Amino acid sequence: MSYIWTLAEQANGHLKQVSFELLTRGRKLADSLDTKLASLLIGNGVSAEALRELILSGADEVYYVEDPRLASFSCETYSNIMVELIKTFQPHTILAAATSSGRTLMPYVAVRVKTGLTADCTELDIEETTGNLLQTRPAIGGNILATIKTPNHRPQMATVRPKSTRPPEPDADRDGKIINVPFKEEWLDGRVEFLGYRKDAGDFENIEEADIIIAGGKGMKKAENFKMLRRLSDSLEGMVGATRDAVDRGWIGYSHQIGLSGKTVSPKLYIGAGISGSIQHLAGIKTSEIIVSINNDPEAPLHKIADFAIVGDLFNVLPELQKRLEGGK
Amino acid sequence: MGLNLVVLVKQVPDTQNITGEAMKEDGTVNRGALPAIFNPEDLYALEAALRVKEAAPGSKVHVLTMGPPSAEQVLKESLYRGADSVALITDRKFAGADTLATSYALKCAIETTGKYDIVFCGRQAIDGDTAQVGPQTAEKLGINQITCVDHIEQTDEDSLIARRSIEGGFEVVKSAYPVLVTMTDEGHVPRTSSAIKVMTYKNKKAGDPEIPMWSIEHIGADFEACGLKGSPTKVKEIESVVLKAQELQMIENSDEGLSNLMHSLIADHTLG
């Protein structure tokens, strides 16, 4: 039986968290097909211990292609490597993260190996009767869920939405093989030249990593009122999120936008203030552990999926919460 | 010396402004409830192309779309904004195409326009949100690609410099022509229509010389690689999203209610 593959990602020699989330997905598929799970990593300077973590988190084999010239993402070069490895090992299924690089590389590779690709999946399963991969993804602005399969082409390829699942608990007893794939000069493709990287100036925050998020919507009324959210999030050591409405009005930067057109988050605690809860926004928060909704409209959709709903004026509720936090709870 | 610029655009249902149910009872998408609009990121792609044209006099902007005859509307809107020529790729045989079959048809159409330097498209369409058609079209054409571009920083006679908007920052890359770029909606705000051009084109229809229709034969595409036949992925099922009700606890907006909320959050270790 051919293997399930995940495509791990690294930056500056460190594995990204999404590499482990993919192993949660891949392990489940490999187990239901009774096959092995392999993780492919292309990059530079990743330590043996870090590669070992992929094994402890569920991979049976790790293929690592290393060279200083692979340190930053190049779609053309990375796809040359993937295409050769796919032709050599013929995996059953390849899962990659729906990040800017995953969503660039996978379409390119799918064309070259002449197979189908499903973008930004939120659920993956195996069809019992056929062993085909069932790929479920939101479409039409999150109003529908479509389940897609690739019945006659191999490998089956999908990108998976970051944060749509949690990474596995590492198991110190797990065993596996790390295979260093020798680098070939012929893989290098310098047609698109990397000139440099600039960090986002302004108010960039990586809200995908936050444990606590205080988010505001149209009900915040103006940019200045986001300071209330900022104060609350500082007290809670959290980060500030926003709906598309709030971002489109220029109240806060795009990096804070949560929802289908922004980030998917899965914090331990999400507090939404003045957010009615469009389906696009809700799609981005539904894996949160606890959802608290503050809105004076009792019919707000966010109330309906919340764990705790406060029907009330946020301009009254937020200061009250702040007072309680500062007053030693 | 001018550049030949091709822009790929799509007419999409406006998924942000749904009126009524998104799905019909038979499980198909209720297009009637969804007003048809110019895909937002494609407008940014058109804007980027028009700006390159302004910087490189003598350039031509050619806009292509694939869709039913009613998709003529996005081509007219492109003409209103300053496109030099447009074409509607339309044929029943294209129906049911996934991203692979779509990118093949687009590749054939782009090659039909003649020599091209830069192909622009939106990063993704708001109906499918796959972001796959851009990269796949580049690979079908066998040309370079730069995805998630927010600004074209410089265009020269034989190459361009573009800024990619990626997680936590920007990558600046340079590529020789021909190159395909996919544009995000973080760049230059698209211009509005020119009143004079609206007067010129508003009564034009698909099939008129200004809005030619290109069939599968016209673009020289292989029937087997188009539409449902050329699509490796198949839709198994579609369901409406129903938001699940949780064990909702209503918190009273009072001293006691808020204190109780804090205690609950502390008790299950969400806080503290």
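First, a word on what this report is: a plain description of the structure on this page. Just so it is clear, the model here is predicted, and its values are computed rather than measured.

**Some words on the overall build of chain B**
Phase 1: What chain B contains, in helices and strands, is six helices and 13 strands.
Phase 2: By principal-axis analysis of the C-alpha atoms, chain B measures approximately 75 × 45 × 40 Å.
Phase 3: Look at the contacts in chain B between residues 6 or more apart in sequence, and 68% of them connect residues 24 or more apart.

**Some points on the overall build of chain A**
Phase 1: Along its length, chain A carries nine helices and 18 strands.
Phase 2: Since a compact globule built from 329 residues should have a radius of gyration of about 20 Å, the 22 Å found for chain A is in line with a globular shape.
Phase 3: Dimensions of chain A along its principal axes, counting C-alpha atoms only, are 65 × 50 × 40 Å.
Phase 4: A burial count over chain A gives 54% of its 329 residues as buried.
Phase 5: Partitioning the intrachain contacts of chain A with sequence separation of at least 6 by distance along the chain shows that 65% fall at a separation of at least 24.

**Some points on the interface of chain B and chain A**
Phase 1: Chain B puts 68 residues into the contact, and the matching count from chain A is 68 residues.
Phase 2: Split by residue class, the side of chain B that touches chain A holds 32 nonpolar, 22 polar and 14 charged.
Phase 3: Bridging between strand β18 (residues 308-311) of chain A and strand β13 (residues 249-251) of chain B involves three bridges; their strand directions are parallel. Note that in β13(B) the partner of A:A309 across the bridge is B:M250.

**What to know about unusual backbone geometry**
Residues and elements named next belong to chain A.
Phase 1: The linkage connecting R154 with the following residue, P155, adopts the cis geometry, with an omega of -5 degrees.
Phase 2: Within the secondary structure, P155 sits in the loop between β10 (144-149) and β11 (156-160).
Phase 3: Its identity is not glycine, yet D34 carries a phi of approximately 55 degrees, on the positive side.
Phase 4: In this structure, D34 sits in the loop between α1 (17-33) and β4 (37-43).
Phase 5: The phi dihedral of Q90 is positive, around 50 degrees, even though this residue is not glycine.
Phase 6: Mapped onto the elements, Q90 comes out in the loop between α3 (75-89) and β6 (93-97).
Phase 7: Exposure remark for Q90: the 12 C-beta atoms within 10 Å place this residue in the exposed category.

**Quick look at the packing of helix α5 (residues 226-236) of chain A against helix α9 (residues 314-326) of chain A**
Residues and elements named next belong to chain A.
Phase 1: Two elements in contact, α5 and α9, have axes separated by 10 Å at closest approach and are oriented at 25 degrees. Judged by the inter-axis angle, α5 sits roughly parallel to α9. Of the two elements, α5 crosses α9, and the hand of that crossing is left-handed. Contacts from M228, R231, L232, S235 and L236 of α5 reach α9 at L318, L321, Q322, L325 and E326.
Phase 2: A class-by-class count of the residues in the contact of α5 with α9 yields six nonpolar, two polar and two charged.

**Comments concerning the sheet that holds β10(A)**
Phase 1: Taken in spatial order, the four strands line up as β8(A)-β9(A)-β10(A)-β12(B) in an open sheet, and their pairing is antiparallel. Unpaired on one side and paired on the other, β8 (123-126) of chain A together with β12 (234-240) of chain B mark the two borders of the sheet. Averaged over neighbouring strand pairs, the angle between their axes works out to 25 degrees when direction is ignored.
Phase 2: Pairing analysis gives five bridges linking strand β9 (residues 133-139) of chain A to β10(A), with the strands arranged antiparallel. Across the sheet, the residue bridging to A:P138 is A:L145, located in β10(A).

**Considering helix α2 (residues 48-56) of chain A**
Residues and elements named next belong to chain A.
Phase 1: Taken residue by residue, α2 has L51, L54 and I55 as its buried positions. The buried residues of α2 occupy an angular sector of 105 degrees when projected down its axis, which confines them to one face.
Phase 2: Packing partners of the buried residues in α2 comprise β1 (4-8), α1, β4, β5 (61-66) and β12 (177-181).
Phase 3: G58 lies just past α2 and shows a positive phi near 130 degrees.

**Some words on the sheet that holds β6(A)**
Residue and element names in this part refer to chain A.
Phase 1: The parallel open sheet is built from seven strands, whose spatial order is β7-β11-β6-β1-β4-β5-β12. One side of each edge strand has no neighbouring strand; the edge strands of this open sheet are β7 (117-121) and β12. When the angles between neighbouring strand axes are averaged without regard to direction, this sheet yields 20 degrees.
Phase 2: Pairing of β5 with β12, which is carried by five bridges, proceeds in the parallel orientation. Note on β12: the bridge partner recorded for E61 is K177.
Phase 3: Here helix α4 (residues 102-112) sits on the sheet and contacts β1, β6, β7 and β11; the angle it forms with β11, its principal contact strand, is near 170 degrees.

**Quick look at the nonpolar core**
Phase 1: The biggest cluster of nonpolar side chains holds 120 residues, and the ones touching the most others in it are B:V7, B:A49, B:A105 and B:F120.
Phase 2: Other than its neighbours up to four places away in sequence, B:F120 contacts B:L5, B:V7, B:A45, B:A48, B:A49, B:V181 and B:M183.
Phase 3: One finds A:I252, A:I291, A:F308 and A:I310 within the second-largest nonpolar core, a separate group that totals 50 residues.

**With respect to the packing of helix α3 (residues 99-112) of chain B against helix α4 (residues 133-141) of chain B**
A pair of packed helices can be characterised by two numbers: the angle between their axes and the separation between those axes.
Residue and element names in this part refer to chain B.
Phase 1: Between α3 and α4, whose axes approach to 8 Å, the crossing angle comes to 55 degrees. The orientation of α3 with respect to α4, classified from their angle, is oblique. Seen along the crossing, α3 lies across α4 with a hand that is right-handed. Judged by residue contacts, T99, L100, T102, S103, Y104, L106, K107 and I110 of α3 engage V133, Q136, T137, K140 and L141 from α4.
Phase 2: In terms of residue class, the contact of α3 with α4 is built from six nonpolar, five polar and two charged.

**Let's talk about the pairing of strand β9 (residues 169-176) of chain B**
Phase 1: Pairing geometry for strand β13 (residues 192-199) of chain A and β9(B), over seven bridges, is antiparallel. Bridge assignment links A:G196 to a residue of β9(B), and that residue is B:V172.
Phase 2: Note: strand β8 (residues 159-166) of chain B against β9(B), eight bridges, orientation antiparallel. In the strand pairing of β9(B), B:I161 is matched with B:K174.

**Considerations on α3(A)**
Phase 1: Taking 1.5 Å as the rise per residue, α3(A) with 15 residues should run 21 Å; its terminal C-alpha atoms sit 21 Å apart, in good agreement.
Phase 2: What α3(A) keeps buried is the set A:C75, A:T77, A:Y78, A:S79, A:I81, A:M82 and A:I86.
Phase 3: Buried residues in α3(A) make contact with β4, β5 and α4 of chain A together with β7 (144-155) of chain B.
Phase 4: At the C-terminal side of α3(A), A:Q90 shows a positive phi close to 50 degrees.

Cut-offs used in this document
- Residues numbered from 1 in each chain as written.
- Chains lettered and ligands numbered in written order.
- Predicted model: local features only at pLDDT ≥ 70, side-chain atom pairs only at ≥ 80, totals over all residues.
- Helix = DSSP H or I, 4+ residues; strand = E, 2+ residues; numbered from the N terminus.
- Contact = placed C-beta atoms within 7 Å.
- Rg over C-alpha atoms; globule rule 2.2 N^0.38 Å.
- Buried ≥ 20, exposed ≤ 12 C-beta atoms within 10 Å, placed from the backbone.
- Nonpolar A, V, L, I, M, F, W, Y, C, P; charged D, E, K, R; others polar.
- Pairing = 2+ DSSP bridges.
- Axes fitted to C-alpha atoms, helices over the stretch in contact; angles between N-to-C directions.
- Parallel < 35°, antiparallel > 145°, perpendicular 65-115°, else oblique.
- Left-handed = near helix turned anticlockwise from the far one by under 90°.
- Arc of directions from axis to C-beta.
- Core = buried A, V, L, I, M, F, W, Y, C linked by C-beta atoms within 7 Å.
- Expected span 1.5 Å × (residues − 1).

From the geometry alone we can't say anything about function, so treat these as descriptive.
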